[in-house]
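An overview of the molecular structure
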Amino acid sequence: MRIDILTLFPEMFSSYLAASILQRAQEVGLLAVHLHNIRDYAAGKHRVTDEPPYGGGGGMVLKPEPIFAAVEAVLERGRQGDRETRRQGDSPSPPLPLSPSPPLILLTPQGRLFNQRVAQELAGREWLVLICGRYEGLDERVRQHLVTDEISIGDYVLTGGELAAMVVVDAVARLIPGVLGAADAAQEDSHATGLLEGPHYTRPESFRGWTVPEVLRSGHAANIARWRREQALRRTWQRRPELLLAAALTEEDRQFLAILAEGM
Ligand code: ADE
C-alpha cells in the first residue's frame, strides 16, 4: 500500500514511522509512506500557506492553492510510480497501475468517526492520500472540490491533523496482510470481532502471588478457546455493552451473557 501524507510538519512523522512494525512494513515493501510539505507548494518568496479569514474573526485559514498544487503533484507522481522523483530516504514504492484514484482524505474533527470498520475499508485500498489540516481550518473550497472523504479520530480537537493521520496509518497498516507476524494476528483484536479482547498472560506463572488462570495452563485447546470467548464477552458486557448489539453471537454466547445478567 502507498500512503501520501500532506502536512506542514512532515518532521512530526519521522520517528513514529521509523520504528517497530511500521518500519518493518516499509522495509519489506508492504507499505510505502511518502511525506510532502505543503509549504513546498506555496508560491512566492515567503511561501505563505495561511491567511486571515474573509469576514474577519480570529485565527488563520490554510489557503487553497498550495493544497491543490500539492495534491495534484502527488497524484501525478503516484500515477507514474514515482519513477523520476524518488528521493533518497523515501520508501520504495512499486509502480502503480495507470490512473488509480486514491481517496483524498482530510483529517478534521468534522469528519466521519474513525473506527476498526473504517480502518478495514481503507486497508482494502492500494493507495491513500491524507491531508492534515492545521490552525483554525482550511479554505472551504478544498473540502468542496478536492477531498473525497473526511475523517475524525474522535470528538476532541487536536492542534492539527498530523496525530490523526498517524493513527489512521497505524491502524490501517497493521491490517495489510503480512504486516503483523502471524497471518491471523489482527483477527482476534479488540473490535475486529465486534468484542473487546479478553486478558492475556505470560510467564511467570505466579507473580507476587497472582497466578495465571488454570485453564490457560491446561493445554486443552477447546477449553482455552471457550474461556477466551467468555472473557471477551464478559469484558465487553462490563465495559462496552452497546457493542454486543452489533456483534455476531452464537447461541452459546447468548446463554453465557444470560448467566452474566442473572448474576448482576
Ligand atoms: N484535527 C484536529 N482534531 C482532529 C480530530 N479529532 N480528528 C481528525 N483530525 C483532527
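Sequence order as written defines the numbering, with residues in each chain counted from 1. In keeping with the predicted nature of the model, local features appear solely for residues at pLDDT of at least 70, side-chain atom pairs appear and are counted solely at 80 or more, and the whole-chain, interface and lining totals rest on all residues. Just so you know, side-chain values use all the structure's heavy atoms and leave hydrogens and water out.

**Some details on the sheet that holds strand S6 (residues 127-132)**
Here, a strand pair is defined by DSSP locating no fewer than two bridges between the strands. Secondary structure follows DSSP: runs of H or I at least 4 residues long count as helices, runs of E at least 2 residues long count as strands, and numbering of each begins at the N terminus. Taken in spatial order, the five strands of this open sheet run S2-S1-S6-S5-S8, and their pairing is parallel. Either end of the sheet is taken by a strand with one partner, and the two such strands are strand S2 (32-37) and strand S8 (149-152). The mean angle between the axes of side-by-side strands here comes to 35°, regardless of whether they run parallel or antiparallel. Where strand S5 (residues 104-113) meets S8, five bridges bridge the pair, whose relative direction is parallel. Bridging from a neighbouring strand, Ile105 pairs with Asp149 of S8. What makes two residues a contact is simply this: any of their non-hydrogen atoms within 4.5 Å. Axis definition: a line fit to C-alpha positions, over the contact stretch in the case of helices; interaxial angles, taken between N-to-C directions, run 0 to 180 degrees. Each of strand S1 (2-7), S2, S5 and S6 is contacted by helix H3 (residues 64-79), which is oriented at about 160° to S6, the strand it contacts most. On top of the sheet, helix H4 (residues 116-123) reaches S5, S6 and S8; it is set at about 170° to S5, its chief contact.

**Section: helix H10 (residues 251-262)**
With twelve residues, H10 ought to run about 16 Å at 1.5 Å a step, and its terminal C-alpha atoms sit 17 Å apart, in line with that. Here the term buried applies to any residue with accessible area under 20% of the maximum for its type, exposed to any over 50%, and partly exposed to those in between, with areas from a 1.4 Å probe on protein chains only. By the burial criterion, the buried members of H10 are Asp253, Phe256, Leu257 and Leu260. Projected down its long axis, H10 carries its buried residues within an arc of 100°, all on one side. More than 90 degrees from the buried face of H10, the exposed residues found are Glu251, Ile259 and Glu262. Along its buried surface, H10 packs onto helix H8 (221-239) and helix H9 (243-246). Multiply 1.5 Å by the residue count of a helix minus one, and that product is the helix's expected span. The directions considered for the arc run from the helix axis to the C-beta atoms.

**Considering the side chain of Arg226**
Mapped onto the secondary structure, Arg226 falls in helix H8. Polar contacts here mean pairs of N or O atoms no more than 3.5 Å apart (in protein, one a potential hydrogen donor and the other a potential acceptor; neighbouring residues in sequence count only if both atoms are side-chain atoms). At 3.4 Å, the side chain of Arg226 forms a polar contact with the side chain of Asp253. Sequence-distant contacts of Arg226, defined by excluding residues within four places in its chain, comprise Leu233, Glu252, Asp253 and Phe256.

**With respect to helix H2 (residues 20-27)**
Taken residue by residue, H2 has Leu22, Ala25 and Gln26 as its buried positions. Relative to the axis of H2, the buried residues are bounded by an arc of 95° and lie together on one face. Every exposed residue of H2 that faces more than 90 degrees away from the buried side is listed here: Ser20, Arg24 and Glu27. Buried positions along H2 lie against helix H1 (14-17), S2 and helix H6 (162-173). One or two residues past the end of H2 sits Gly29, with phi positive at roughly 85°.

**Considerations on the pattern of salt bridges**
Salt bridges are defined as contacts in which a side-chain nitrogen from Lys or Arg sits within 4 Å of a carboxyl oxygen from Asp or Glu. Scanning the entire structure with this criterion turns up 17 salt bridges. A salt bridge links Glu51 to Lys63; the shortest N-O distance between them is 2.8 Å. Residue Glu51 is located in strand S3 (residues 50-51), and its partner Lys63 is located in the loop between strand S4 (61-62) and H3; the two are separated by twelve residues in the primary sequence. By relative accessible area, Glu51 is classed as partly exposed at 36%. Where Arg217 meets Glu205, a salt bridge forms, and the shortest distance between an N and an O atom there is 2.7 Å. Note that Arg217 is positioned in helix H7 (residues 214-217) and Glu205 in the loop between H6 and strand S9 (206-207), a separation of twelve residues in sequence. Taking relative accessible area as the criterion, Arg217 reaches 37% and is therefore assigned partly exposed. Here the salt bridges share partners, and the residues they tie into one network are Arg226, Arg229, Glu230, Glu252 and Asp253.

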